[in-house]
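What the coordinates show
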Amino acid sequence: MTLGVGYVGPPASAPKRRRRWVGAVVGAWIVVLALISWWSIRNDPATVPEQRSIEQAMPSLREAAGVLLTAAENAAARGGPVPWAVRLGEVRSESCSLTPVRPGVQGSRDVVLYVPQGQAKAAFDQVAAALPGDFHASVLATRVATRLSFYADAGNFIAIDGEAQPDDQVLVLSAGTGCRPGTTAGGSDPAPGAAPAVLGETLAALGGPAGAAVTTEAVACPGGGTAATYQATAGRSGDGPRGVPAGVTPVWSQAGGWAYAQGPVFVVVDDNGENLRLSVTTTCGQ
């Protein structure tokens, strides 16, 4: 009779060692993934705007506004026998919704161009041509040429857009961040420098108060230096343009105000029916 030898399995401790080894590998892999994610967050460029906070986006917005203002100034210089006018707007921020339960903030800044009637398409085209090539600026006539659309990509998820009708004379081009995470836009404009003499002279001609408070909006110019819009209350409303220097023709003149170029600066007067608001804008090229 042959005595069989029973099977003896692996030691009871083997499964435990295998589980510990697998657990160690998984744990190490988790650490590697965490380190890769940490490095990527800090070094890889954002792929959607929601990956950059509004605080991170504002320097790009201010830079884009400076480039846009310079392009508008260049377009104004080629405008024609009646020079066009330009004004820089303030930085705005407003609440928005990233998701139904996640709030955000969006920032924007306008550059306003004043042109003769019927020149809106030409103005958009000239601004698009004056922007850097990598902005890929384009102008589209829609709705059977009754609506003009302007768009440019300033990079870092900053868009520049505008809408107008062919006969519009006040064209608003806006650089915007889109909705971003964060709570406040933050940041500040560069120092604007001393106000031009035209500001005081025009204030006096419009009957503005002596020592009127002046506010400024400024941007850094792409080639260095700054350009700025200086604003002040300039007296009571009146009938039509006044205070315009001899030999200067306003490029835009309506019930809501008037605008013109005076040498190297642009003058815009807004009339709200009660008071006049004077804006004088210096250029990057002066």
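Residues numbered from 1 in each chain as written. Predicted model: local features only at pLDDT ≥ 70, side-chain atom pairs only at ≥ 80, totals over all residues. Heavy atoms only, no water.

1. Remarks on the overall build of the protein
Secondary structure summary: the protein contains four helices and twelve strands in total. Restricting the contact set of the protein to residue pairs at least 6 apart, pairs at least 24 apart contribute 62%. Summing over all exposed atoms, the protein offers an accessible surface of approximately 15,300 Å²; the carbon and sulfur share of this is 57%. (Helix = DSSP H or I, 4+ residues; strand = E, 2+ residues; numbered from the N terminus. Contact = heavy atoms within 4.5 Å. Areas by Shrake-Rupley, 256 points an atom, 1.4 Å probe, with all protein chains shown as cover.)

2. Observations concerning the pattern of salt bridges
Enumeration over the complete set of coordinates arrives at seven salt bridges. Of the charged contacts, one joins Glu-217 and Arg-109 as a salt bridge, the two residues approaching to 3.2 Å between their closest N and O atoms. Here Arg-109 lies in strand β2 (residues 102–114) and Glu-217 lies in strand β7 (residues 215–220), a separation of 108 residues in the sequence. For the pair formed by Glu-217 and Arg-109, the shared burial category is buried. Across the salt bridge formed by Asp-125 and Lys-121, the nearest N and O atoms sit 2.8 Å from each other. Linking Asp-125 with Lys-121, this pair stays in helix α3 (residues 120–130), spanning four residues, or about one helical turn. When its relative accessible area of 35% is taken as the criterion, Lys-121 is described as partly exposed. Salt bridges sharing common partners tie together Arg-62, Arg-109, Asp-189 and Glu-217. (Salt bridge = Lys/Arg side-chain N within 4 Å of Asp/Glu carboxyl O. Buried < 20%, exposed > 50% of the residue type's maximum accessible area, 1.4 Å probe, protein only.)

3. Quick word on the confidence of the model for the protein
Looking at the protein as a whole, the pLDDT averages 86, with 81% of positions reaching at least 70. Mean pLDDT across the elements of the protein bottoms out in helix α1 (residues 13–43) (57) and peaks in strand β6 (residues 170–176) (98). A low-confidence stretch, residues 37–49 (pLDDT under 50), is modelled with nine contacts involving residues beyond four sequence positions or located in other chains. (pLDDT = per-residue confidence, 0-100.)

4. Structural notes on the sheet that holds strand β1 (residues 85–99)
With respect to topology, six strands assemble into an open sheet ordered β1-β2-β6-β5-β4-β3, the strand pairing being antiparallel. Every other strand in the sheet has two partners, leaving β1 and β3 (138–142) as the edge strands with one partner each. With strand direction ignored, the average angle separating the axes of adjacent strands in the sheet is 20 degrees. Where β3 lies against strand β4 (residues 147–153), five bridges are found, and the strand directions are antiparallel. Note that in β4 the partner of Val-139 across the bridge is Phe-150. Helix-sheet contacts for helix α2 (residues 54–77) involve β1, β2, β5 (159–164) and β6, and the interaxial angle to β2 is about 15 degrees. (Pairing = 2+ DSSP bridges. Axes fitted to C-alpha atoms, helices over the stretch in contact; angles between N-to-C directions.)

5. Section: the side chain of Arg-109
For Arg-109, a relative accessible area of 1% translates into the label buried. Among the polar contacts listed, one links the side chain of Arg-109 to the backbone oxygen of Gly-89, at a separation of 2.8 Å. Engagement of the side chain of Arg-109 in a polar contact is seen with the side chain of Asp-189, the distance being 2.8 Å. (Polar contact = N/O pair within 3.5 Å; in protein donor to acceptor, adjacent residues only side chain to side chain.)

6. Considering α2
In this model, α2 (24 residues) spans 34 Å end to end at C-alpha, consistent with the 34 Å of a helix rising 1.5 Å per residue. Of all 24 residues that make up α2, 18 are buried, and the element is covered over most of its length. (Expected span 1.5 Å × (residues − 1).)

7. Structural notes on the nonpolar core
Residues Leu-113 and Phe-150 are the most contacted members of the largest nonpolar core, which totals 48 residues. Leu-203, Ala-212, Ala-232 and Leu-278 belong to the second-largest nonpolar core, a separate cluster that totals 18 residues. (Core = buried A, V, L, I, M, F, W, Y, C linked by side-chain atoms within 4.5 Å.)

8. Side note on the state of the cysteines
Here the structure, examined in full by the defined rule, presents two disulfides. Here Cys-221 pairs with Cys-284 through a disulfide, and the sulfurs are 2.0 Å apart. The sign of the -90 degrees torsion about the S-S bond sets the Cys-221-Cys-284 disulfide as left-handed. Highlighted residues: Cys-221 in the loop between β7 and β8 (226–236) and Cys-284 in the segment after β12 (275–281), separated in sequence by 63 residues. The class of Cys-221 is buried, set by a relative accessible area of 9%. Ordinal numbering of bonded cysteines along the protein defines a disulfide pattern of 1-2, 3-4. (Disulfide = S-S within 2.5 Å.)

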